[in-house]
Amino acid sequence: MDSVADKPAHRSWIVIAAKSIVVLQTLAIVYMLTSAWVAAAVAVGFMVVVGTVKVLSRASRQVDQIFEDELGRQ
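Residues numbered from 1 in each chain as written. Predicted model: local features only at pLDDT ≥ 70, side-chain atom pairs only at ≥ 80, totals over all residues. Heavy atoms only, no water.

Things to note about the overall build of the protein chain
Then, number 1: A count of helical and extended segments in the protein chain gives two helices and zero strands.
Then, number 2: Within the protein chain, the proportion of its 74 residues that are buried is 7%.
Then, number 3: Carbon and sulfur atoms provide 69% of the accessible area of the protein chain, an area that totals close to 6,600 Å². (Helix = DSSP H or I, 4+ residues; strand = E, 2+ residues; numbered from the N terminus. Buried < 20%, exposed > 50% of the residue type's maximum accessible area, 1.4 Å probe, protein only. Areas by Shrake-Rupley, 256 points an atom, 1.4 Å probe, with all protein chains shown as cover.)

Written as structure tokens, this is what we have:
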């Protein structure tokens, strides 16, 4: 039982470009409606969330691999 859906080894450049555009547009809207400091805080928040998701996804894959190795031996 995998807790992470199977994904291709690499993402298409178009997906990465689309996500980047969405993030940049969101930051631009925040900047236009508030101030540079708020936009910077939101950008840092995005980076923290993305980093956390990557770390947790990697940990989940490692745990799945460990369970597969240990439970597969019995």
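A few points about a nonpolar patch on the surface
Then, number 1: Taken together, the side chains of Ile29, Tyr31, Met32 and Leu33 make up a nonpolar region of the molecular surface, amounting to roughly 520 Å² of accessible area.
Then, number 2: Here Met32 falls in the exposed class, since its relative accessible area comes to 67%. (Patch = residues over 30% accessible without salt bridge, like charges linked within 9 Å, V, L, I, M, F, W, Y side chains within 5 Å. Salt bridge = Lys/Arg side-chain N within 4 Å of Asp/Glu carboxyl O.)

Let's talk about the packing of helix H1 (residues 13-33) against helix H2 (residues 36-72)
Then, number 1: Close contact between H1 and H2 brings their axes to 8 Å; oriented N to C, the two are set at 150 degrees. When the axes of H1 and H2 are compared, the pair comes out roughly antiparallel. Between H1 and H2 lies a crossing whose hand is right-handed. Residue-level contacts link Val23, Thr26, Leu27, Val30 and Tyr31 of H1 to Ala36, Val38, Ala39, Val42, Ala43 and Phe46 of H2.
Then, number 2: In terms of residue class, the contact of H1 with H2 is made up of ten nonpolar, one polar and no charged. (Axes fitted to C-alpha atoms, helices over the stretch in contact; angles between N-to-C directions. Parallel < 35°, antiparallel > 145°, perpendicular 65-115°, else oblique. Left-handed = near helix turned anticlockwise from the far one by under 90°. Contact = heavy atoms within 4.5 Å. Nonpolar A, V, L, I, M, F, W, Y, C, P; charged D, E, K, R; others polar.)

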